[in-house]
Amino acid sequence: MQVESLSWFPGHMTKTRRMIAAEIGHMDAVCEILDARIPLASRNPDVDELTAGKPRLVVLNRVDQADPGQTRRWAAYFRENGYAVLEANAKGGAGTAQFAAAVRELLRDKLEAYAQKGQVGRVVRVMVLGIPNVGKSTFINKVARRKTAKAEDRPGVTRSKQWVPVDSTLELLDTPGILWPKFDDPEVGKRLAFTGAIKDDVLDIEELACYLMEYLGRHYTSVLEERYKIAVEPEDSGYDLLEKAGRKRGFLMRGAQVDTERMARILLDEFRGGKLGRFTLETVEDAT
């Protein structure tokens, strides 16, 4: 499948939409997990409609892999637009201990109203949403301090809803990752694919790596030059850079031809693993 024309909406995602619609009325708030490297591309545009105006906490996950300055700007942007914001690195645990307090602050007026009615200790229920492979299950496991949600470093692992107790008065509803039927902007599809939100087996890995090389060559030239020990020229295409890096790494086949597929997989693995550095692929200006 070409990256330019991504359309990926498995049947279980249709089921997830129905489940969200059926459960949202029972929720006190919604927690939306975003990838701090792509805060726009990792937002499902259907969530606003599906969550029916419920109070919202946005978690910017993987801040350890994102540009710190851009993360601060994105956090300010979401707060200005009426969301509570938590910055987190679910894998390392940073930010997860503040989750319960952030939810209670978000719902402070509601909880005070409950208390006035004598309903102290009433259980707060929060629906946790996020696109595939955004770190949702890992985040929930850290917050709950136990391994309850199935977490793997590939999209589409959580397939059914499950309730996860955090403490005696806070419960989370874990939901399967949900994408949307069609990406109108091909750049959104590319960014999702760069970060692993879309399964690699539906993509042309070399094509995807060429797009990423081209982006890094334009915006983070020194990173490529330092990591792969290559010279980045203004006229270099993404394929040129992929080939240069592969040759430098010694990924050669018969006839001294570069194994660009092998280099493509290495590039994506290193990018996703944070070995290339900290990048944010979208700016606040992209949202306006």
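In what follows, the structure referred to is the one given above.
Residue numbers restart at each chain and count upward from 1, following the sequence in its written direction. Local features in this predicted model are restricted to residues of pLDDT 70 or higher, and side-chain atom pairs are both shown and tallied only at a pLDDT of 80 or more, whereas totals for entire chains, interfaces and linings draw on every residue. Side-chain numbers here rest on the full set of heavy atoms in the structure, without hydrogens or water.

Visitor: Can you tell me about the overall build of the chain, naming the residues and giving the values?
Guide: Scanning the chain from terminus to terminus reveals 11 helices and 6 strands. By the convention used here, residues are in contact when the closest approach between their heavy atoms is within 4.5 Å. Considering only contacts within the chain whose residues lie at least 6 apart along the sequence, 69% involve residues at least 24 apart. In the structure as shown, the chain presents an accessible area of about 13400 Å², 47% of it carried by carbon and sulfur atoms. Helix numbering and strand numbering both begin at the N terminus, where a helix is a DSSP run of H or I of at least 4 residues and a strand a DSSP run of E of at least 2. Methods summary: accessible areas were calculated by the Shrake-Rupley approach with a probe of 1.4 Å, and residue burial reflects only the protein chains presented.

Visitor: Break down the pairing of strand 6 (residues 170-174) for me, with residues and values.
Guide: A regular strand carries its side chains on alternate faces of the sheet. Whether a residue is buried, partly exposed or exposed follows from its accessible area with a 1.4 Å probe, protein chains only, as a fraction of its type maximum: under 20%, in between, or over 50%, in that order. Of all 5 residues making up strand 6, 4 are buried, and the element is well covered by its neighbours. Pairing between strands requires that DSSP locate at least two bridges from one strand to the other. Here 5 bridges tie strand 4 (residues 124-130) to strand 6, and the two strands are oriented parallel to one another. Residue Met127 lies in a different strand from strand 6, and its bridge partner there is Leu173. As paired elements, strand 5 (residues 162-167) and strand 6 share 5 bridges and run antiparallel to each other. Looking at the pairing, Pro165 lines up with Glu171 of strand 6. Hairpin remark: strand 5 followed by strand 6, antiparallel, with 2 residues in the connecting loop.

Visitor: Explain the sheet that holds strand 2 (residues 56-61) to me, and be specific about the residues and the numbers.
Guide: Where strands meet in a sheet, backbone hydrogen bonds hold them as pairs that are either parallel or antiparallel. With respect to topology, 6 strands assemble into an open sheet ordered 3-2-1-4-6-5, the strand pairing being mixed. The two strands at the open ends of the sheet, each matched to only one other strand, are strand 3 (84-87) and strand 5. Ignoring which end each strand starts from, the neighbouring axes of this sheet average 25° apart. Here an axis means a line fitted to C-alpha atoms, over the contact stretch when the element is a helix, while the angle between two N-to-C directions is reported on a 0 to 180 degree scale.

Visitor: I'd love a proper account of the pairing of strand 1 (residues 29-35), names of residues and values included.
Guide: Of all 7 residues in strand 1, 7 are buried, a share of seventy percent or more. Of the two faces of strand 1, both are covered, the one formed by Ala29, Cys31, Ile33 and Asp35 as well as the one formed by Val30, Glu32 and Leu34. Here strand 1 runs beside strand 4; their pairing, made up of 5 bridges, is parallel. Within the sheet, the bridge partner assigned to Cys31 lies in strand 4 and is Val128.

Visitor: So what about the packing of aromatic side chains? Which residues, and what values?
Guide: Aromatic contacts are taken between Phe, Tyr and Trp rings whose centres are within 6.5 Å, Trp giving its six-membered ring; a plane angle under 30 degrees counts as stacked, one over 60 as edge-to-face, and the others as tilted. This model, assessed by the stated rule, comprises 7 aromatic pairs. Plain terms: the ring middles of Trp74 and Tyr77 are 5.4 Å apart, the flat faces sit at 85° to each other, and that makes the pair edge-to-face. Of the two residues, Trp74 and Tyr77 are both situated in helix 3 (residues 68-80); the distance of 3 residues between them amounts to about one turn of the helix. The class of Tyr77 is buried, set by a relative accessible area of 18%. Consider the rings of Tyr220 and Phe279, whose centres lie 4.5 Å apart with planes at 70°: the pair is edge-to-face.

Visitor: Which residues make up the nonpolar core, and what values do they have?
Guide: Here, nonpolar core refers to any group of buried Ala, Val, Leu, Ile, Met, Phe, Trp, Tyr and Cys residues whose side-chain atoms link them within 4.5 Å. Formed by 63 residues in total, the largest nonpolar core has its most connected members in Phe99, Leu172 and Leu267. Looking at this core, the element that brings in the most residues is helix 8 (residues 205-219), giving 8 residues. Aside from chain neighbours lying at most four places away, what touches Phe99 is Cys31, Leu57, Leu86, Phe139, Val143, Leu170 and Leu172. Counting 13 residues, the second largest nonpolar core, distinct from the first, contains Ala36, Tyr77, Val85 and Val284.

Visitor: Account for the packing of helix 8 against helix 9 (residues 221-228), with residues named and values stated.
Guide: Put simply, helix 8 and helix 9 touch, their axes get as near as 5 Å, and they point 110° apart. In terms of their interaxial angle, helix 8 and helix 9 are classed as roughly perpendicular. Residues Met213, Leu216, Gly217, Arg218 and His219 of helix 8 lie in contact with helix 9, whose contacting residues are Thr221, Leu224 and Tyr228. In the contact of helix 8 with helix 9, the residues fall into 4 nonpolar, 3 polar and 1 charged. Note on angle classes: values under 35 degrees are labelled roughly parallel, values over 145 roughly antiparallel, values of 65 to 115 roughly perpendicular, and the remainder oblique. Gly falls in the polar group here, along with every residue not listed as nonpolar (Ala, Val, Leu, Ile, Met, Phe, Trp, Tyr, Cys, Pro) or charged (Asp, Glu, Lys, Arg).

Visitor: Could you give an account of the environment of Arg79, with specific residues and numbers?
Guide: Locating Arg79 in the fold gives a position in helix 3. Assessed through its relative accessible area of 47%, Arg79 is described here as partly exposed. Once the C-alpha coordinates of Arg79 and Leu57 are considered, the two residues, 22 residues apart in sequence, prove to be 9.6 Å apart.

Visitor: Describe in detail the environment of Met127, supporting the description with residues and values.
Guide: Position of Met127 relative to the elements: it lies in strand 4. Spatially, the C-alpha atom of Met127 lies 9.7 Å from that of Arg56, the residues being 71 residues apart in sequence. Ignoring sequence-local partners within four residues, the contact set of Met127 consists of Ile20, Glu23, Ile24, Met27, Ala29, Val30, Cys31, Leu173 and Thr175.

Visitor: Before we move on, can you summarise the pattern of salt bridges with the specific residues and values?
Guide: We count a salt bridge whenever a side-chain nitrogen from Lys or Arg sits within 4 Å of a carboxyl oxygen from Asp or Glu. What the rule picks out here adds up to 19 salt bridges. The residue Arg125 makes a salt bridge to Glu171 at a minimum N-O spacing of 3.5 Å. Of the two residues, Arg125 sits in strand 4 while Glu171 sits in strand 6, which places them 46 residues apart along the sequence. With a relative accessible area of 32%, Arg125 lands in the partly exposed category. Counted as one network, the salt bridges with shared partners bring together Glu32, Arg43, Asp48 and Arg56.

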